[in-house]
Amino acid sequence: PVRNSQLATRNSHSMKPPPPLVLVLWCHFSDELVATTYIVKLREQGIQVKLLGLEGRRLRGAHGLTLLPDFTLDQAWQRVTMVRAIILPFETARLLHYLNDPRLFNLLQQALDHGATLLLKRNTACEVLAQLAERLERDVGSLQKACEENDQLSSLIFQIQKENLL
């Protein structure tokens, strides 16, 4: 017979840490090309990516394409410690509006506290970045640096794959 202590030891060796998660935030007027490119390229590399709907289930992008989100904010919250990156395929100024929802605000705060990075559009205005940093209680320089360093898809893929190997 197997004792409880032996079973616990056996199970602790076989348990892997949960896989990292990338969230792509999705709202009306999001850039479909950016969102789908990130989703496809990351999933091709075996990275778990979920489209997170910010306002309902049927959301039309900037060019009329409707994508159905994989997650709601409540579902994403349950996995916040697994989030390694959050991709914003829309103008960052829109995010400031959505931060009025405490669920999204808390999700971003917790994800950043657990080491997640934000991937923003390159042309994010300095004023908007400053407002975002202030709302999220982050240093503008470190937020901007994290965004610039992780702007390339290949950099994100490498970072997550490297983490999985550790």
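Note: the structure precedes this text.
Residues numbered from 1 in each chain as written. Predicted model: local features only at pLDDT ≥ 70, side-chain atom pairs only at ≥ 80, totals over all residues. Heavy atoms only, no water.

## Overview of the overall build of the chain
Piece 1. Scanning the chain from terminus to terminus reveals 8 helices and 6 strands.
Piece 2. When the elements of the chain are put in sequence order from the N terminus, they spell out α-β-α-β-β-β-α-β-α-α-β-α-α-α.
Piece 3. Each of the 166 residues in the chain was classed as buried or not, and the buried ones make up 42%.
Piece 4. In the chain, once contacts between residues fewer than 6 apart in sequence are set aside, the share between residues at least 24 apart is 75%.
Piece 5. Total accessible area on the chain is roughly 9,600 Å²; 53% of this is exposed by carbon and sulfur atoms. (Helix = DSSP H or I, 4+ residues; strand = E, 2+ residues; numbered from the N terminus. Buried < 20%, exposed > 50% of the residue type's maximum accessible area, 1.4 Å probe, protein only. Contact = heavy atoms within 4.5 Å. Areas by Shrake-Rupley, 256 points an atom, 1.4 Å probe, with all protein chains shown as cover.)

## Side note on the pattern of salt bridges
Piece 1. As enumerated under the stated definition, the model contains 3 salt bridges in all.
Piece 2. For R43, the salt bridge identified is with D70, shortest N-O distance 3.1 Å. Of the two residues, R43 sits in helix α2 (residues 32-44) while D70 sits in the loop between β4 (66-67) and α3 (73-77), which places them 27 residues apart along the sequence.
Piece 3. Taking the relative accessible area as the measure of exposure, R43 reaches 40% and is therefore partly exposed.
Piece 4. Among the residues examined, D70 registers a relative accessible area of 35% and is labelled partly exposed.
Piece 5. Where R103 meets D101, a salt bridge forms, and the shortest distance between an N and an O atom there is 2.8 Å.
Piece 6. Through salt bridges with shared partners, a single network forms among D74, D101 and R103. (Salt bridge = Lys/Arg side-chain N within 4 Å of Asp/Glu carboxyl O.)

## A look at the nonpolar core
The tendency in soluble globular proteins is for nonpolar side chains to be buried as a group.
Piece 1. Membership of the largest hydrophobic core comes to 30 residues, with the highest contact counts inside it found for L23, L25, I86, L95, L99 and L104.
Piece 2. Put simply, the parts of the chain that give this core at least two residues each are β1 (21-26), α3, β5 (83-87), α4 (92-98) and α5 (102-113).
Piece 3. Not counting residues up to four positions away in its chain, the partners in contact with I86 are L23, L25, L108, A111, T117, L118 and L119.
Piece 4. Among the nonpolar cores identified, the runner-up in size contains 15 residues, and V24, L51, L67 and A85 belong to it. (Core = buried A, V, L, I, M, F, W, Y, C linked by side-chain atoms within 4.5 Å.)

## Considering the sheet that holds β5
Strand pairing in a sheet relies on backbone hydrogen bonds. The paired strands run either parallel or antiparallel.
Piece 1. Spatial strand order, β2-β1-β5-β6: 4 strands in an open sheet with parallel pairing. Bordering the open sheet on either side are β2 (48-53) and β6 (117-119), each of which pairs with just one other strand. Strand after strand, the sheet turns through a mean of 25° between neighbouring axes, direction not considered.
Piece 2. In terms of strand pairing, β1 meets β2 through 6 bridges, oriented parallel. Pairing of V22 across the sheet is with V49, part of β2.
Piece 3. Most of the contacts of α5 go to β5, to which it runs at about 130°, and overall it touches β1, β2, β5 and β6. (Pairing = 2+ DSSP bridges. Axes fitted to C-alpha atoms, helices over the stretch in contact; angles between N-to-C directions.)

## Comments concerning unusual backbone geometry
Outside of glycine, negative phi angles account for most residues, and trans bonds account for most peptide bonds.
Piece 1. Despite not being glycine, F29 has its phi angle at roughly 70°, a positive value.
Piece 2. Summarising the element assignment, F29 is placed in the loop between β1 and α2.

## Remarks on α5
Three or four residues apart is the spacing at which side chains of an α-helix point the same way, because the helix has 3.6 residues per turn.
Piece 1. For α5, spanning 12 residues, the distance from its first C-alpha to its last is 16 Å, which sits close to the expected 16 Å at 1.5 Å a residue.
Piece 2. Those residues of α5 that sit buried are L104, F105, L107, L108, Q109, A111 and L112.
Piece 3. At the C-terminal side of α5, G115 shows a positive phi close to 95°. (Expected span 1.5 Å × (residues − 1).)

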